[in-house]
Amino acid sequence: MSYLNGVTGYRKDILSTRSIIKKDNYAVIEPDGLVKNTIPGFDNCEITILASPKLGASFVDYLVAAEPGGGNKQGFGAAGEEIFFYILEGTVKVWNGEKEAELTDGGYIFCPEGTKLYFENAGDKKARGFLYKRLYDRIEGYEAHTVIENINNVDWVNYEGMEDVLVKDFLPAAGDLGFDMNFHILAFKQGACHGYIETHVQEHGAYVYSGEGMYVLDNEWISVKKGDYLFMSAYCPQAAYGIGRGEMFAYVYSKDCNRDVRL
């Protein structure tokens, strides 16, 4: 069963899955088969843990669905953790003790170390979001700050000069060493692809919110589509083609940055 697609009971065919789990390397997790997790502080919410250290990630990604009035008023985030929350759909009030706002589709909040995320579904329909946490890698003389914005207000930029591959940045990490991570959206028009197969020290957690694609992960070509989640560990060779019809192949993803490797 999967609470995301509302399918319960016996299937009409043999049990199968498109999910692929290769710990400490990569994972593709389709929505069918995801289960609910119970996490203290999340009231009237459906939440599932995606990537975590148990998979090999240095961060944790979640999918959250809050009923009207549901949310987390206890505060999410332990000492040393930074939090990012992206609203996929719905109307959600967010605050962290420094700033507060009412976010709609495309809205997001980044909560730096030392603050907690609080949120409540302020609408009359279920709200859905993508949630992330990791330990902040502090360096002397720099610190991050709260960011609240809507990605729909950010212009698309050609990715590495390619007009059919587009990118948006959520945080000002490119010009501010206080940030040790960033979130991006990468979108591929039909037939577009990365310019090369990337191999790098950074990790990614990616949620596909639009279209279909072919992703190469550690030299294995895998078809992915809207609703799928991908984890890519450090040094996992990776690249994608946009395929399918209609909407672009697009996903929101995290990337650690601005830090040297600690020994």
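Residues numbered from 1 in each chain as written. Predicted model: local features only at pLDDT ≥ 70, side-chain atom pairs only at ≥ 80, totals over all residues. Heavy atoms only, no water.

Per an unreviewed UniProt entry, the chain carries the name (S)-ureidoglycine aminohydrolase and comes from Faecalicatena contorta.

A.B. asks: Please provide a residue-by-residue account of the overall build of the chain, values included.
C.D. replies: In terms of helices and strands, the chain carries 0 helices and 20 strands. Taking 18 Å as the expected radius of gyration for a compact globule of 263 residues, we find that the chain reaches 18 Å, a close match to that expectation. C-alpha extents for the chain along the principal axes are approximately 45 × 45 × 35 Å. Counting across all 263 residues of the chain, residues that qualify as buried make up 49%. Summarising the internal contacts of the chain: among those between residues at least 6 apart in sequence, 68% fall at separations of at least 24. Accessible surface, the chain: about 13000 Å² in total, of which carbon and sulfur atoms supply 49%. (Helix = DSSP H or I, 4+ residues; strand = E, 2+ residues; numbered from the N terminus. Rg over C-alpha atoms; globule rule 2.2 N^0.38 Å. Buried < 20%, exposed > 50% of the residue type's maximum accessible area, 1.4 Å probe, protein only. Contact = heavy atoms within 4.5 Å. Areas by Shrake-Rupley, 256 points an atom, 1.4 Å probe, with all protein chains shown as cover.)

A.B. asks: If you had to explain the pattern of salt bridges to someone new, which residues and values would you point to?
C.D. replies: The tally for this structure, following the rule as stated, stands at 13 salt bridges. Arg134 is the salt-bridge partner of Asp180, the closest N and O atoms lying 2.6 Å from each other. Highlighted residues: Asp180 in the loop between strand 13 (162-169) and strand 14 (181-188) and Arg134 in strand 10 (residues 127-135), separated in sequence by 46 residues. A relative accessible area of 2% means that Asp180 is categorised as buried. Taken together, the salt bridges that share partners define one network made up of Lys36, Glu46, Glu67 and Lys126. (Salt bridge = Lys/Arg side-chain N within 4 Å of Asp/Glu carboxyl O.)

A.B. asks: Tell me what's going on with the packing of aromatic side chains, and back it up with residues and numbers.
C.D. replies: Remark: the centre distance and the inter-plane angle together describe each pair of aromatic rings, the angle taken between the planes. Applying the stated criterion to the full structure yields 24 aromatic pairs. Consider the rings of Phe130 and Tyr207, whose centres lie 5.9 Å apart with planes at 25°: the pair is stacked. On the criterion of sequence distance, the pair formed by Phe130 in strand 10 and Tyr207 in strand 15 (residues 204-210) is long-range, its members being 77 residues apart. For Phe130, a relative accessible area of 0% puts it in the buried group. Judged by its relative accessible area of 7%, Tyr207 is buried. (Phe/Tyr/Trp six-rings, centres within 6.5 Å; stacked < 30°, edge-to-face > 60°.)

A.B. asks: Any details on empty space enclosed by the protein? Residues and values, ideally.
C.D. replies: All told, the structure shown has 2 cavities of 30 Å³ or more when counted by the stated rule. Estimated volume of the largest cavity: approximately 50 Å³. Ala66, Phe85, Val92, Phe119 and Ala127 are the residues nearest the centre of the largest cavity, which is lined by 13 residues in total. Listed by contribution, the elements that provide at least two residues to the lining of the largest cavity are strand 4 (59-76), strand 5 (81-89), strand 9 (117-121) and strand 10. Here the element with the most residues in the lining of the largest cavity is strand 4; it accounts for 4 residues. Classifying every residue of the lining of the largest cavity gives 8 nonpolar, 3 polar and 2 charged. For the second largest cavity, the calculated volume is near 40 Å³. (1 Å grid on protein atoms, 1.4 Å probe; cavity = no way out; pocket = protein on both sides within 12 Å on 5 of 7 lines; lining within 4 Å. Points joined across faces, edges and corners; volume = space filled by probe spheres on them. Nonpolar A, V, L, I, M, F, W, Y, C, P; charged D, E, K, R; others polar.)

A.B. asks: Outline the UniProt feature "domain: Cupin type-2" (unreviewed entry) in the chain, listing residues and values.
C.D. replies: Mapped onto this structure's residue numbering, the UniProt feature "domain: Cupin type-2" (unreviewed entry) falls at residues 79-128. What you have in residues 79-128 is 0% helix and 58% strand, and the ends, taken at the C-alpha atoms, are 26 Å apart. (UniProt positions renumbered as here; feature names shortened; annotations may be inferred.)

A.B. asks: I'd like a rundown of the sheet that holds strand 16 (residues 212-217), residues and numbers included.
C.D. replies: In any sheet, the strands associate via hydrogen bonds between backbone groups, in a parallel or an antiparallel arrangement. Pairing is antiparallel across the open sheet formed by 3 strands, whose spatial order is 17-16-19. Each edge of the open sheet carries a strand with a single partner, namely strand 17 (220-225) and strand 19 (238-243). Across this sheet, the average inter-strand angle for adjacent strands is 25°, counted without regard to direction. Two elements, strand 16 and strand 17, share 6 bridges in a ladder whose sense is antiparallel. (Pairing = 2+ DSSP bridges. Axes fitted to C-alpha atoms, helices over the stretch in contact; angles between N-to-C directions.)

A.B. asks: Give me the lowdown on the nonpolar core, citing residues and values where you can.
C.D. replies: In terms of nonpolar packing, the biggest core is built from 32 residues, with Tyr86 and Phe170 touching the most fellow members. Contributions of two or more residues to this core are made by strand 2 (26-29), strand 4, strand 5, strand 8 (107-111), strand 10, strand 14 and strand 18 (229-232). (Core = buried A, V, L, I, M, F, W, Y, C linked by side-chain atoms within 4.5 Å.)

A.B. asks: Any details on the layout of surface pockets? Residues and values, ideally.
C.D. replies: By rolling a water-sized probe across the atoms, one finds the places where empty space is left. Its volume calculated, the largest pocket comes out at about 440 Å³. Lining of the largest pocket is provided by 21 residues; of these, Leu88, Arg128, Tyr207, Tyr209 and Lys226 occupy positions nearest its centre.

A.B. asks: Please set out the sheet that holds strand 2 residue by residue, giving values where relevant.
C.D. replies: Pairing within the open sheet is antiparallel, and its 8 strands lie in the order 1-2-18-15-20-14-13-12. Two strands in the sheet have a free side with no partner beyond their single neighbour: strand 1 (20-22) and strand 12 (157-159). Strand-to-strand, the axes of this sheet are offset by a mean angle of 25°, without reference to chain direction. Examined bridge by bridge, strand 12 and strand 13 share 3 bridges and lie antiparallel to one another. Note on strand 13: the bridge partner recorded for Asn158 is Leu166.

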